[in-house]
Amino acid sequence: MDIGLLRTFLEVSRTRHFGKAAQNLYLTQSAVSFRVRQLEERVGVPLFTRQRNNIMLTPAGERLIPHAENIIAAWQIALQDVGLPEQQAMYLSLGGLSNLWGTFLQSAIPKLSEAFPGVSIRTEISSQLELTRSLISGRLDVAVVLDPPNMAELSSAQIGMIELVLVCHQADAGFSAVSDMGYVFVDWGTAFNLKHAKLFKKAVAPILHTEQSQIALEFILTNGGAAFLPKALVSPYLEEGSLFLIDEIDPMPHAVYAVFGRQQPSHMNIEPIIEMLRNLELRPEASLQPLENDD
């Protein structure tokens, strides 16, 4: 299979436009059309329906997308593996939720690199569903998540805990004032969402919905509001008086898990990686500074 055909297919499926795909791939539009026709001939079915100013994926095209992504990712991993210098005999593909990367995981990468100097590390930030797919397909060795999937092919190990606290920009504010201040909903996974639904007996329309705690933190520091954020992340702001705890609401502890395949990958031993992740303190390395008021 020509990887270039699959890359072209994915770019057309993303842009839904042959001309834009050609620009992004630095090809002529006729070359893009030719590659798509070649791929359709190989798979034996149309992948796009072509109407004036409207290119749509066929059902077969929709089904091909995850396979094309897996093939390209596997090829990239193969190139990385065979192209490693002699002093880097192993590689580790580590994935995580964006929430955990921005808050904790990015500080773990230098420590992993220092502890395992012969390992080349590749990182991936994605959703829980995509991380699970990558683990099953072998594109990822380890994924760090909040809600481990219950699947026969995968194992999980708890590597730490985060403590989520409800904070806001106003001193002495009560829980009843959350809606008026402006609530920022941070998606901390299924287990958190169930507790959250019991806590908010009346639905509160958030002024911001995000999967990244750093975005929520910066929003509250600059615009005000309230959100559930990791205590380790907000502690500096609580100490300096930029943020305040809403004491009526108890902290919500949430386990963090490393998920990996039940069968060890051939290119490295996962167990020491898991053990080190378990021993690392889950905390951010840097903190944001609130913007000063003009007045």
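From a predicted model like this one, the values you see are computed outputs, not experimental measurements.

1. Remarks on the overall build of the protein chain
So, step 1. Within the protein chain one finds 12 helices and 11 strands.
So, step 2. Across the 295 residues of the protein chain, 43% fall into the buried class.
So, step 3. When contacts within the protein chain are restricted to residue pairs at least 6 apart in sequence, long-range pairs at least 24 apart make up 72% of them.
So, step 4. Here the protein chain has roughly 16,000 Å² of accessible surface; of this, 50% comes from carbon and sulfur atoms.

2. Topic: the pattern of salt bridges
So, step 1. Counted under the stated rule, the structure contains five salt bridges.
So, step 2. Of the charged contacts in the structure, one is a salt bridge between Arg-50 and Glu-40, with a shortest N-O distance of 3.2 Å. Of this pair, Arg-50 sits in strand 1 (residues 48–51) while Glu-40 sits in helix 3 (residues 29–43), placing them 10 residues apart in sequence.
So, step 3. Look at Arg-50 and you get partly exposed, because its relative accessible area is 44%.
So, step 4. The class of Glu-40 is buried, set by a relative accessible area of 13%.
So, step 5. Two residues, Arg-122 and Glu-124, come together in a salt bridge whose shortest N-O distance is 3.8 Å.
So, step 6. When its relative accessible area of 23% is taken as the criterion, Arg-122 is described as partly exposed.

3. Some points on the environment of Ala-258
So, step 1. Inspection of the secondary structure puts Ala-258 in strand 11 (residues 252–261).
So, step 2. For Ala-258, the contacting residues outside a window of four places in its chain are Val-142, Ala-143, Ser-155, Ser-156, Ala-157, Ile-159 and Ile-274.

4. Thoughts on the nonpolar core
So, step 1. Within the largest apolar cluster, 62 residues are counted, with the highest numbers of intra-cluster contacts made by Phe-228 and Leu-229.
So, step 2. A per-element tally of this core places strand 6 (residues 154–168) first, with nine residues.
So, step 3. Among the nonpolar cores identified, the runner-up in size contains 20 residues, and Leu-10, Ala-22, Leu-64 and Ile-65 belong to it.

5. Some words on the packing of helix 1 (residues 3–15) against helix 3
So, step 1. Running from N to C, helix 1 and helix 3 cross one another at 110°; their axes reach a closest spacing of 9 Å. Between helix 1 and helix 3, the interaxial angle falls into the category roughly perpendicular. Facing helix 1, whose interface residues are Gly-4, Leu-5, Leu-6, Thr-8, Phe-9 and Val-12, helix 3 presents Val-32, Arg-35, Val-36, Gln-38, Leu-39 and Arg-42.
So, step 2. For the contact of helix 1 with helix 3, the per-class residue count stands at seven nonpolar, three polar and two charged.

6. Some points on unusual backbone geometry
So, step 1. One non-glycine residue, Arg-16, lies in positive phi territory at about 55°.
So, step 2. Mapped onto the elements of the fold, Arg-16 is located in the loop between helix 1 and helix 2 (18–25).
So, step 3. Phi is positive for Asp-172, close to 60°, though the residue is something other than glycine.
So, step 4. Locating Asp-172 in the fold gives a position in the loop between strand 6 and helix 8 (178–181).
So, step 5. Taking the relative accessible area as the measure of exposure, Asp-172 reaches 80% and is therefore exposed.

Reading the values: the criteria
Residues numbered from 1 in each chain as written. Predicted model: local features only at pLDDT ≥ 70, side-chain atom pairs only at ≥ 80, totals over all residues. Heavy atoms only, no water. Helix = DSSP H or I, 4+ residues; strand = E, 2+ residues; numbered from the N terminus. Buried < 20%, exposed > 50% of the residue type's maximum accessible area, 1.4 Å probe, protein only. Contact = heavy atoms within 4.5 Å. Areas by Shrake-Rupley, 256 points an atom, 1.4 Å probe, with all protein chains shown as cover. Salt bridge = Lys/Arg side-chain N within 4 Å of Asp/Glu carboxyl O. Core = buried A, V, L, I, M, F, W, Y, C linked by side-chain atoms within 4.5 Å. Axes fitted to C-alpha atoms, helices over the stretch in contact; angles between N-to-C directions. Parallel < 35°, antiparallel > 145°, perpendicular 65-115°, else oblique. Nonpolar A, V, L, I, M, F, W, Y, C, P; charged D, E, K, R; others polar.

None of the figures reported here should be taken as evidence of function without further support.
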